[in-house]
Amino acid sequence: MRGPLNSPVEVGLRAVILLTAAYPRSFDIDTLALLDHSLIHSGDLGGPPSIHPDVPIRAGEIGLKKTVLEDALRLMMRANMVDLAISTGGMKYVAADNAEAFVSALESSYVLRLIDTAQWVAQEFTDGTHEETRRRLRRILGRWTEELDERPPTAEEVR
């Protein structure tokens, strides 16, 4: 999970891009993890081609992503790219005031794909309440878990 595509810097950059695309919306860490997963595997959700390669165990990435995402968000808060909003509803993350200027200054083809896909994710999945967004994403992403259950039987199971 901590390869070059999922280091705290990379995940933090994706979080800033997602939060900028969805601004002024704020998200708890669970929803942000689902949105990040949607960003890099958008092709599976009927969106733009996926940015990261499709791997058979990509459903398992979501569970591991939260730890890296927490580190990434702390890093981006220290860089003044993400703000933490604490309320009776819990802790939520939102793009900081200078996040949009930072994101718009980035020019690599990879980052431009992230920005375009983040716009799609923000339009597609962030219009409802947090609960609706999470329910919808979990329903869509649940298909990956089902695919894992449809694996061929092992030699021991055949015996």
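In this report, we go over the structure that sits alongside the text.

Thresholds applied
Residues numbered from 1 in each chain as written. Predicted model: local features only at pLDDT ≥ 70, side-chain atom pairs only at ≥ 80, totals over all residues. Heavy atoms only, no water. Helix = DSSP H or I, 4+ residues; strand = E, 2+ residues; numbered from the N terminus. Buried < 20%, exposed > 50% of the residue type's maximum accessible area, 1.4 Å probe, protein only. Areas by Shrake-Rupley, 256 points an atom, 1.4 Å probe, with all protein chains shown as cover. Salt bridge = Lys/Arg side-chain N within 4 Å of Asp/Glu carboxyl O. Pairing = 2+ DSSP bridges. Phe/Tyr/Trp six-rings, centres within 6.5 Å; stacked < 30°, edge-to-face > 60°. Expected span 1.5 Å × (residues − 1). Polar contact = N/O pair within 3.5 Å; in protein donor to acceptor, adjacent residues only side chain to side chain.

Section: the overall build of the chain
Thinking step 1. On a plain count of helices and strands, the chain comes out with seven helices and two strands.
Thinking step 2. Counting the 159 residues in the chain, one finds 43% classified as buried.
Thinking step 3. Accessible surface, the chain: about 8,700 Å² in total, of which carbon and sulfur atoms supply 54%.

Here we look at the pattern of salt bridges
Thinking step 1. A complete count under the given rule lists four salt bridges for this structure.
Thinking step 2. Residue Glu10 pairs with Arg14 through a salt bridge whose shortest N-O separation is 3.4 Å. Taken together, the positions of Glu10 and Arg14, both in helix α1 (residues 8–22) and four residues apart, correspond to about one turn of that helix. There is no split in this pair, since Glu10 and Arg14 are both buried.
Thinking step 3. Put simply, Arg74 and Asp71 hold a salt bridge, and the shortest N to O gap is 2.5 Å. One end of the pair, Arg74, and the other, Asp71, are both in helix α3 (residues 61–78), three residues apart, so they sit about a helical turn from each other.
Thinking step 4. Accessibility expressed as a relative area gives 25% for Asp71, which makes it partly exposed.
Thinking step 5. Each of Glu10, Arg14 and Asp36 takes part in one network of salt bridges that share partners.

Overview of the pairing of strand β1 (residues 82–87)
On any regular strand, side chains alternate: one points to one face of the sheet, the next to the other face.
Thinking step 1. Pairing analysis gives six bridges linking β1 to strand β2 (residues 90–95), with the strands arranged antiparallel. Across the sheet, the residue bridging to Val82 is Ala95, located in β2.
Thinking step 2. With antiparallel pairing between neighbouring strands as the criterion, β1 and β2 make up a hairpin whose turn holds two residues.

Concerning the packing of aromatic side chains
Thinking step 1. For the coordinates displayed, the defined rule picks out one aromatic pair.
Thinking step 2. Judged by centre distance (5.5 Å) and plane angle (85°), the rings of Trp120 and Phe125 are edge-to-face. A single burial state applies to Trp120 and to Phe125, both of which are buried.

Some details on helix α2 (residues 29–40)
Thinking step 1. Between its terminal C-alpha atoms α2 stretches 17 Å, which fits the 16 Å expected from twelve residues at 1.5 Å a residue.
Thinking step 2. Burial of α2 is extensive: eleven of the twelve residues sit out of reach of the surface.
Thinking step 3. Within the span of α2, buried status applies to Ile29, Thr31, Leu32, Ala33, Leu34, Leu35, Asp36, His37, Ser38, Leu39 and Ile40.
Thinking step 4. Residue Asp28 occupies the N-cap position of α2, its side-chain oxygen lying 3.2 Å from the main-chain nitrogen of Asp30.

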